[in-house]
Amino acid sequence: MIDALGTAEQKRRWFAGVVERGEIWAAWSGEPQSPKPGEDRRFGTTVAAADGGWVLHGTKAFATSATGARWAILLVDPAGPGGARHARGTADGLLLLACDLNDPTVTVDTSWWDPVGMRATASHAVLFDGTFFPYDRVIGEPGSYLAGQWQTAFVPHYAASFLGAAEAAYDYALAYLKHQGKSQDPYVQQRVGRMAVNIDTGRLWLRHVAGLWDEGRLEEARIAGSRARHLIEHLAEETVHHCIRACGARSLVRPSPVERILRDLTFYQRHDNDDHILATIGRAALGESFDPSFHKP
Ligand SMILES: Cc1cc2nc3c(=O)[nH]c(=O)nc-3n(C[C@H](O)[C@H](O)[C@H](O)COP(=O)(O)OP(=O)(O)OC[C@H]3O[C@@H](n4cnc5c(N)ncnc54)[C@H](O)[C@@H]3O)c2cc1C
């Protein structure tokens, strides 16, 4: 994002930090606006113009790599809470603010992150209590991230991650079933066949999407990325379930990796809503207007 939208001076400053001091960057948008049952806190930020820059108040959720990262690019909307993903309107004036996470006004709440899966990572809640951003910490023009459709470049990575889970389950299933001498079982053969074809399909789709980007066919690449994201979510989920059914209950007993793969995949697939992605694909096919970035209705 810095490379695409930042100034030459910002690139010099921040890339030097990455290369010379190993500084880690993250990007945070998530500000879900509807509280879940029993949730008394509200997420959301407000950003106001101040002398020489912007001031930020409020809380973000799903702040991946908080406590590990040194910098976060905050996607915030001067029109009101919601970031980019959960903004009620179009977020036309969306700002990208480079936040030094050592700033004393930034607090990480590590109590919120207690998920079913992805426990080896962290996506905490983070509080901003009057954090000041001078203008040289603003990346790009207001709205340029959405206008340039930069989020669409990230969409295929979800599919690649899901496929990695499927491949791991497949490898485990093959070794497990061969070890148990169950390769002659016709039901096992069917399930292994389905797993193999699912993985081939996922790989072919990713290669197709990568080819479109490489050939500069950007419009096609953007929607193909969402199509791949949608399809591979289901292929991966099905593959893990074939593994479990073919191998049996002990495949879900630790130290088998399958119980973790199942939990991690279940959770990571919720990062963007598949129903909305599929509706976006349908809207595009029908010639209706659609949001290729955050799949908003
Ligand atoms: C492991 C993980 C890591 C993440 N890391 C990051 C990160 O680094 N940076 C970041 O910015 N975010 C991150 N996220 C957040 C993620 O992108 C979503 O914001 C978050 O998952 C939304 O969760 P939600 O519970 O609000 O469910 P949602 O999927 O938003 O909503 C659930 C339901 O609400 C419905 N719905 C959604 N919008 C509307 C609407 N407008 N009106 C009516 N119904 C609606 C959907 O159809 C669905 O049925 C991460 C999420 C996960 C799971």
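Residues numbered from 1 in each chain as written. Predicted model: local features only at pLDDT ≥ 70, side-chain atom pairs only at ≥ 80, totals over all residues. Heavy atoms only, no water.

A.B. asks: I'd like a rundown of the overall build of the protein, residues and numbers included.
C.D. replies: Looking only at helices and strands, one finds eight helices and seven strands in the protein. Taking 2.2 N^0.38 as the reference for a compact globule, 297 residues should give roughly 19 Å; the C-alpha atoms of the protein span a radius of gyration of 21 Å, in line with that estimate. Seen through its principal axes, the protein has C-alpha atoms that stretch 75 × 45 × 45 Å. For the protein, buried positions account for 45% of its 297 residues. Long-range pairs, those at least 24 residues apart, make up 71% of the contacts in the protein with a sequence separation of at least 6. Counting only carbon and sulfur atoms, one obtains 55% of the accessible surface of the protein, whose full area is about 15,100 Å². A gap of 6 Å separates the mean positions of the 31 positive and 35 negative side-chain charges of the protein. (Helix = DSSP H or I, 4+ residues; strand = E, 2+ residues; numbered from the N terminus. Rg over C-alpha atoms; globule rule 2.2 N^0.38 Å. Buried < 20%, exposed > 50% of the residue type's maximum accessible area, 1.4 Å probe, protein only. Contact = heavy atoms within 4.5 Å. Areas by Shrake-Rupley, 256 points an atom, 1.4 Å probe, with all protein chains shown as cover. Lys, Arg positive; Asp, Glu negative; His and termini not counted. Charge placed at Lys NZ, Arg CZ, Asp CG, Glu CD.)

A.B. asks: Any details on the UniProt feature "domain: Acyl-CoA oxidase/dehydrogenase middle" (unreviewed entry) in the protein? Residues and values, ideally.
C.D. replies: Per the UniProt entry, the sites bearing "domain: Acyl-CoA oxidase/dehydrogenase middle" (unreviewed entry) are residues 43–129 in this numbering. In residues 43–129, the share of helix is 0% and the share of strand is 48%. The end C-alpha atoms are 13 Å apart. (UniProt positions renumbered as here; feature names shortened; annotations may be inferred.)

A.B. asks: Please set out the side chain of E233 residue by residue, giving values where relevant.
C.D. replies: As for its position among the elements, E233 is in helix α6 (residues 218–247). Within the local environment of E233, its side chain forms a polar contact with the side chain of R229, the two groups lying 2.6 Å apart. Setting aside anything within four residues of it in sequence, one finds E233 in contact with F162, Q269, R270 and D274. (Polar contact = N/O pair within 3.5 Å; in protein donor to acceptor, adjacent residues only side chain to side chain.)

A.B. asks: I'd like to hear about the domain arrangement of the protein, residue by residue, with values.
C.D. replies: In terms of domain boundaries, the protein breaks down into domain 1 (2–146) and domain 2 (149–285). A straight line from the C-alpha centre of domain 1 to that of domain 2 covers 30 Å. On the domain 2 side, the residues contacting the 13 residues of domain 1 number twelve residues. Across the interface of domain 1 and domain 2, roughly 1,100 Å² is buried in total on both sides, 59% from carbon and sulfur atoms. (Domains from an automatic or database assignment. Buried area = accessible area lost by both parts, 1.4 Å probe.)

A.B. asks: Lay out the layout of surface pockets with the relevant residues and their values.
C.D. replies: The computed volume of the largest pocket comes to approximately 1,300 Å³. For the largest pocket, the lining is made up of 44 residues, of which F62, R85, Y158, H271 and D272 are closest to its centre. Among the elements of the structure, α2 (8–21), β1 (25–28), β3 (53–64), β4 (71–76), α4 (155–179), α7 (258–268) and α8 (274–285) are those that each provide at least two residues to the lining of the largest pocket. Across the lining of the largest pocket, the residue classes tally to 24 nonpolar, 14 polar and six charged. Each of domain 1 (2–146) and domain 2 (149–285) gives at least three residues to the lining of the largest pocket. Approximately 270 Å³ is the volume found for the second largest pocket. Taken together, P32, S34, K36, E39, F43, F62, W112, W113, D114, P115 and F267 make up the lining of the second largest pocket. (1 Å grid on protein atoms, 1.4 Å probe; cavity = no way out; pocket = protein on both sides within 12 Å on 5 of 7 lines; lining within 4 Å. Points joined across faces, edges and corners; volume = space filled by probe spheres on them. Nonpolar A, V, L, I, M, F, W, Y, C, P; charged D, E, K, R; others polar.)

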